[in-house]
Amino acid sequence: QVQLVESGGGLVQPGGSLRLSCAASGRIFSIYGMGWYRQAPGKQRELVAAITSGGDTNYPDSVKGRFTISRDNAKNTVYLQMNSLKPEDTAVYYCNAHMVVIANMRPNNYWGQGTQVTVSS
């Protein structure tokens, strides 16, 4: 069974930092793009950061300069370093990976279960 497991969420004060991790496990053939999305109550899920297998990154303006995505291909893990956090960053953060798994040898999107990030004083 292939799964993505996130960790690192929690409660932080405005201006603080958090680092999220997401590890892919199981019978994986190859991982292409990886990314982080978030969903706040009553809002649509939105992209926070994305990274290609070659290390190219993409951020929306709302987090550019504050968030940094990175990945360790040897560990099938993607990270999200979040600095200068704001209350509007409060959301459930989801890991996403575009992968080919050995079970079917087809590229598909996979999602983690989500981790809560709350920014509040």
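Residues numbered from 1 in each chain as written. Predicted model: local features only at pLDDT ≥ 70, side-chain atom pairs only at ≥ 80, totals over all residues. Heavy atoms only, no water.

K.L.:
I'd like a description of the packing of aromatic side chains, backed by residues and values.
P.N.:
Inspection of the entire model under this criterion finds one aromatic pair. Geometrically, the ring pair formed by Y37 and W111 is edge-to-face, given 5.0 Å between the ring centres and 65 degrees between the ring planes. Here Y37 is found in strand 4 (residues 28–39), whereas its partner W111 is found in strand 10 (residues 107–111), with 74 residues between them in sequence. For R45, the ring lying beneath its charged end belongs to Y94, and the centroid distance is 3.8 Å. (Phe/Tyr/Trp six-rings, centres within 6.5 Å; stacked < 30°, edge-to-face > 60°. Helix = DSSP H or I, 4+ residues; strand = E, 2+ residues; numbered from the N terminus. Lys NZ or Arg CZ within 6 Å of the ring centre and 35° of its normal.)

K.L.:
With reference to specific residues and values, describe the state of the cysteines.
P.N.:
For the structure on display, the rule yields one disulfide. Disulfide pairing is shown between C22 and C95; the S-S distance is 2.1 Å. Across the disulfide from C22 to C95, rotation about the S-S bond amounts to roughly -80 degrees, and the bridge is consequently left-handed. Remark: C95 occurs in strand 9 (residues 91–101) and C22 occurs in strand 3 (residues 18–25); sequence separation between them is 73 residues. (Disulfide = S-S within 2.5 Å.)

K.L.:
Now, about the sheet that holds strand 7 (residues 67–72): what can you tell me, with residues and values included?
P.N.:
If you trace the four strands from one edge of the open sheet to the other, you get 1-3-8-7, paired in antiparallel fashion. Looking at which strands have only one partner, the edges of the open sheet turn out to be strand 1 (3–7) and strand 7. Mean inter-strand twist for the sheet, computed between neighbouring axes without regard to direction, equals 15 degrees. Pairing between strand 1 and strand 3: five bridges, direction antiparallel. Each residue of the ladder has a partner; that of S7, found in strand 3, is S21. (Pairing = 2+ DSSP bridges. Axes fitted to C-alpha atoms, helices over the stretch in contact; angles between N-to-C directions.)

K.L.:
Break down a nonpolar patch on the surface for me, with residues and values.
P.N.:
A surface patch of nonpolar side chains, about 290 Å² in accessible area, is lined by F29, I102 and M105. Looking at the secondary structure, you find M105 in the loop between strand 9 and strand 10. Look at M105 and you get partly exposed, because its relative accessible area is 42%. (Patch = residues over 30% accessible without salt bridge, like charges linked within 9 Å, V, L, I, M, F, W, Y side chains within 5 Å. Areas by Shrake-Rupley, 256 points an atom, 1.4 Å probe, with all protein chains shown as cover. Salt bridge = Lys/Arg side-chain N within 4 Å of Asp/Glu carboxyl O. Buried < 20%, exposed > 50% of the residue type's maximum accessible area, 1.4 Å probe, protein only.)

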